[in-house]
Amino acid sequence: NEFEFEGQVNIDALVGKNSRVKCPEYEIAVECLNDSAYLEKFDLTLEEITGKIIINPAHIEFDSLSAVPVVEDMNKPGKIALNGTMQISGGEVAWASLKLAAVDLNFDSRFTSLLGTAETYYDKLAPQGNIDLSLDRITFEKNDAGQKTVKLGGTALFKNCSIGNTKPVSNIYALLNIDTQYDIGVGMKDCKLMLEVQSLSFKGRPIENMTMKIPYDINNPDVAISDFVGECLGGRIAGDAFIKTDSKGGFTEYNLDIAIVGVSSEKFLTPQAEERSGGSLNGEIRIKGDFRDAQASKGRIIIEATGLQLGGKNLISSIRTAILEAIKKDLAFDNVKVQAFVKGSVVEISRMDLYGPTASLRGTGTYEPATDSIEVDFSAYSGAGKDEPHFIDTITSGLGAAFLKVYVRGSLEEPNVKVEPLPILKQTLKIIGTK
């Protein structure tokens, strides 16, 4: 038995056979009184079932039939409402025309059997959050060969959702436009979706007032995201993305091009920080690769930030604090420039300059995004950092070698920093006049 019902109902029955007044041969109205039901196919229990089911020879009508699905967090239960009609023939549904509305539904893996090949995306994205559904077109049909088909049309509103097991992308608010056809027992036959993202956060950094449309067509499943733009921490992020898929719906090759303009450098490094310097972060990220092979990735990253301040948990602050503790002087570099290349699963940092009015650090190393592991070795010189290598050579020519070595290991936001003063340190500090 795929459906188990429990509870009390009110029943009104009208019998019109041989009546002089034109009316149905019979009509039975079943009013549900906060009942419950168990759907074996989804291993799902519904509670607080109310509304009417009206049965007559022509069809079965659902009149404001509503229920609450039982989920793990019943402090925030969702609610489903169903209206429409269906016809039963030979003990089976012959056709149906329904409307379904739902508020605050949770993502639940029990529903993935309805997704067909799209189930692959659900597993990869690991979504969490709440959804409001408004399916104003649900039809059920059965052809002469006995194939049963469900067609869906409407929208799904994603509220405060996240994707990824560690939730790197969170606070997602987006509207999904749905036009699908599902063949029961076979899977999704036709599926056209358009996801309009309004806002999201990436590792705690909000992107708002977005214009991002993500189309999906199961018969042409490559995903092209063109000219997306959004406001981020006082600046803007814009770009394009393209993702190819295989015959099983899995992600394959991708191409990503992002520009960052005028974003608050302090808040980007430490989202909880207060804006003090008015510094900005600009950059570009261009990466192409293949989801099936992490070693196939390649690309370029250029980032420049000004007005960085001491405080908060981030890479730059950790380096400044470690140097301050080691030599009792704040070198006061408040700008950073990074040039890096993506090679496989590793970001190779070919040059990373931290510089200010009196001193600069120049380093090279690697960063592995998958493990959030950074390994960079710096040398400290007197004089402000400049693009031309000969400038630092000129400034330090009378000093000889660098006066500090700085070794950075660990995570990007909370690294371990080791400072190694060199013999020339005392002479250099007198010259650069740090505060």
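Residues numbered from 1 in each chain as written. Predicted model: local features only at pLDDT ≥ 70, side-chain atom pairs only at ≥ 80, totals over all residues. Heavy atoms only, no water.

A. Highlighting the overall build of the chain. A tally of helices and strands in the chain yields five helices and 23 strands. By the burial criterion, 41% of the 435 residues in the chain qualify as buried. Summed over its atoms, the accessible surface of the chain is roughly 23,800 Å², and 52% of this surface lies on carbon and sulfur atoms. (Helix = DSSP H or I, 4+ residues; strand = E, 2+ residues; numbered from the N terminus. Buried < 20%, exposed > 50% of the residue type's maximum accessible area, 1.4 Å probe, protein only. Areas by Shrake-Rupley, 256 points an atom, 1.4 Å probe, with all protein chains shown as cover.)

B. Broad picture of the confidence of the model for the chain. Summing up the model confidence of the chain, the mean pLDDT is 83 and the portion of residues at 70 or higher is 84%. Across residues 384-401, where pLDDT falls below 50, the model places 27 contacts with residues more than four positions away in sequence or in other chains. (pLDDT = per-residue confidence, 0-100. Contact = heavy atoms within 4.5 Å.)

C. Inspection of helix H3 (residues 315-327) at higher detail. When the terminal C-alpha atoms of H3 are compared, their 19 Å separation across 13 residues agrees well with the 18 Å that a helix rising 1.5 Å per residue should span. Directly after H3, the chain includes Lys328, whose backbone phi takes a positive value near 60°. (Expected span 1.5 Å × (residues − 1).)

D. The side chain of Asn56, seen in detail. Here Asn56 lies in the loop between strand S4 (44-55) and strand S5 (60-69). Engagement of the side chain of Asn56 in a polar contact is seen with the backbone nitrogen of His59, the distance being 3.0 Å. (Polar contact = N/O pair within 3.5 Å; in protein donor to acceptor, adjacent residues only side chain to side chain.)

E. Just the nonpolar core, in detail. Judged by nonpolar contacts, the single largest core of 80 residues is most densely connected at Ile319, Ile323, Met352, Leu354, Leu361 and Phe378. The leading source of residues in this core is H3, at six residues. Other than its neighbours up to four places away in sequence, Leu354 contacts Ile316, Ile319, Phe333, Asn335, Val336, Ala359, Ser360, Leu361 and Phe378. Counting residues in each nonpolar core, the second largest holds five residues, with Tyr182, Cys191, Tyr216 and Ile218 among its members. (Core = buried A, V, L, I, M, F, W, Y, C linked by side-chain atoms within 4.5 Å.)

F. Summary view of the packing of aromatic side chains. Tallied over the full model, the rule gives two aromatic pairs. Ring geometry for Phe251 and Phe291: centres 5.5 Å apart, planes at 45°, overall tilted. Here Phe251, found in strand S15 (residues 251-264), pairs with Phe291, found in the loop between strand S16 (280-290) and strand S17 (293-305); they are 40 residues apart in sequence, far enough to count as distant. The partly exposed category is assigned to Phe291, whose relative accessible area is 47%. For the ring pair Tyr254 and Phe291, a centre distance of 4.7 Å and an interplane angle of 45° mean the geometry is tilted. With Tyr254 in strand S15 and Phe291 in the loop between S16 and S17, the pair connects residues that are 37 residues apart, well separated along the chain. (Phe/Tyr/Trp six-rings, centres within 6.5 Å; stacked < 30°, edge-to-face > 60°.)

G. Summary view of the pairing of S16. In terms of strand pairing, S15 meets S16 through 10 bridges, oriented antiparallel. Across the sheet, the residue bridging to Tyr254 is Gly289, located in S16. Two successive antiparallel strands, S16 and S17, enclose a turn made up of two residues. (Pairing = 2+ DSSP bridges.)

H. Structural context of the environment of Leu200. Topologically, Leu200 is positioned in strand S11 (residues 187-202). The exposure class assigned to Leu200 is buried, which follows from its relative accessible area of 14%. Separated by 40 residues in sequence, Leu200 and Asn160 have C-alpha atoms that sit 8.4 Å apart. Apart from residues lying up to four places away in sequence, Leu200 is in contact with Val169, Ser170, Asn171, Ile172, Arg205, Pro206, Ile207 and Met210.

I. Examining the pairing of strand S23 (residues 415-421) more closely. Where strand S22 (residues 404-410) meets S23, seven bridges bridge the pair, whose relative direction is antiparallel. Along S23, the bridge assignment pairs Leu404 with Pro421. Linking S22 back to S23 in an antiparallel pair, the connection comprises four residues.

J. The pattern of salt bridges, seen in detail. Inspection of every chain in the model, using the stated rule, returns 13 salt bridges. With a shortest N-O distance of 2.4 Å, Glu284 and Arg300 are connected by a salt bridge. With Glu284 in strand S16 and Arg300 in strand S17, the pair connects residues that are 16 residues apart, well separated along the chain. For Glu284, a relative accessible area of 25% gives the class partly exposed. (Salt bridge = Lys/Arg side-chain N within 4 Å of Asp/Glu carboxyl O.)

K. Summary view of a nonpolar patch on the surface. A contiguous nonpolar patch, built from Ile11, Val15, Tyr26 and Ile28 and spanning about 380 Å² of accessible area, is present on the exposed surface. Structurally, Ile11 can be placed in strand S2 (residues 9-15). (Patch = residues over 30% accessible without salt bridge, like charges linked within 9 Å, V, L, I, M, F, W, Y side chains within 5 Å.)

L. The environment of Asp63, seen in detail. Note that Asp63 resides in strand S5. Separated by 19 residues in the primary sequence, Asp63 and Leu82 place their C-alpha atoms 7.3 Å from one another. Once you skip the residues sitting within four places of it in the chain, Asp63 turns out to touch Gly51, Lys52, Leu82 and Asn83. Polar contacts involving the side chain of Asp63 include one to the side chain of Ser64, which spans 3.5 Å.

M. Examining unusual backbone geometry more closely. Of note, the phi angle at Asp104 is positive, near 60°, even though the residue is not glycine. Mapping Asp104 onto the fold places it in strand S7 (residues 92-106). On the basis of relative accessible area, Asp104 is assigned to the partly exposed category, the value being 26%. Positive phi, normally seen in glycine, also occurs at Lys203, with a value near 50°. Relative to the helices and strands, Lys203 resides in the loop between S11 and strand S12 (205-217).

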